[in-house]
Amino acid sequence: MVEEHGRVVAIEAGAIWVETIQRSGCHGCSAKSGCGTGLLGDYLSGASRIRVALNSWDPAHISLNDTAVIGIAENTLASSALLIYLLPLVSLLLAAVAGNAVAGEGGAIAGALAGLVAGAGLVRRHSRRHADNPAYAPLLLRIEPTGSI
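None of these values were measured; they are calculated from a predicted model. Each chain carries its own residue numbering, running from 1 in the written order of its sequence. Only residues with pLDDT of at least 70 are given local features in this predicted model, and only at 80 or more are side-chain atom pairs given and counted; all residues enter the totals for whole chains, interfaces and linings. Heavy atoms throughout the structure, all of them, feed into the side-chain values; hydrogens and water do not.

A.B. asks: I'd like to hear about the layout of surface pockets, residue by residue, with values.
C.D. replies: Detection works on a 1 Å grid of protein atoms alone, calling trapped sets that fit a 1.4 Å probe cavities and calling open sets with protein on both sides within 12 Å along at least five of seven lines pockets, with lining residues defined by an atom within 4 Å of a point. Grid points are joined across faces, edges and corners, and a volume is the space filled by probe spheres set on the points. Here the largest pocket is characterised by a volume of approximately 300 Å³. Around the largest pocket, the lining comprises 17 residues; the ones closest to its centre are His130, Ala131, Asn133, Tyr136 and Ala137. The secondary structure listing takes helices from DSSP runs of H or I that are at least 4 residues long and strands from runs of E that are at least 2 residues long, numbered from the N terminus. For the lining of the largest pocket, the element with the most residues is helix α2 (residues 74–129), which contributes 6 residues. Across the lining of the largest pocket, the residue classes break down as 10 nonpolar, 6 polar and 1 charged. The space that makes up the second largest pocket amounts to roughly 240 Å³. Ile72, Thr76, Leu77, Ser80, Ala81, Ile84, Tyr85 and Tyr136 are the residues that line the second largest pocket. Residue type decides the class: Asp, Glu, Lys and Arg count as charged, Ala, Val, Leu, Ile, Met, Phe, Trp, Tyr, Cys and Pro as nonpolar, and the leftover types, Gly among them, as polar.

As structure tokens, this is what we get:
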């Protein structure tokens, strides 16, 4: 289970809204203060809000500004990342090869663009199809009292 800490910013019937801070991959690096990439990552990092279903949690034990630990299964995260990154790339390459075989360099360029757009469309279709799938939704793992981040 991949875990992320966030702050509870809203409580509604059956769910909470959790605000997480997006950090760059080099957030834990010791050279962060002298690295341009780390500084740029800090500048561009922002907060995102995620709706998390309460399932069996009692909302009476949750208050605003508590730290919520949410998680998602590793295999779900890995398979989703592969799909999001590889499907457009593979479709781009296959369409470029097909376009090159049909119409030369111009066909390869047009095919690559068409393949990229088609791959992105397939990713979007998959995302919308599985939007209500609980396997792709974050789970509330635990609540920590206010100020424990």
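A.B. asks: I'd like to hear about the pattern of salt bridges, residue by residue, with values.
C.D. replies: We define a salt bridge as a side-chain nitrogen of Lys or Arg found within 4 Å of a carboxyl oxygen belonging to Asp or Glu. Applying the stated criterion across every chain, the model contains 5 salt bridges. Measuring nitrogen to oxygen at the nearest pair gives 2.8 Å for the salt bridge that ties Arg7 to Glu19. Residue Arg7 is located in strand β1 (residues 2–12), and its partner Glu19 is located in strand β2 (residues 15–21); the two are separated by 12 residues in the primary sequence. Exposure categories follow from relative accessible area, calculated using a 1.4 Å probe and restricted to protein chains: below 20% of the type maximum is buried, above 50% is exposed, and the middle band is partly exposed. The exposure class assigned to Glu19 is buried, which follows from its relative accessible area of 16%. When the shortest N-O distance is used, the salt bridge between Glu144 and Arg142 registers 3.4 Å.

A.B. asks: Lay out α2 in plain terms, naming residues and giving numbers.
C.D. replies: By this rule the span expected of a helix is its residue count minus one, scaled by 1.5 Å. Here α2 spans only 20 Å end to end across 56 residues, well under the 82 Å set by a 1.5 Å rise per residue. Taken as a whole, α2 carries its principal kink of about 150° at Ala103. The reported bend at a residue is simply the angle between two axes, fitted to the 7 residues ending at it and to the 7 residues beginning with it.

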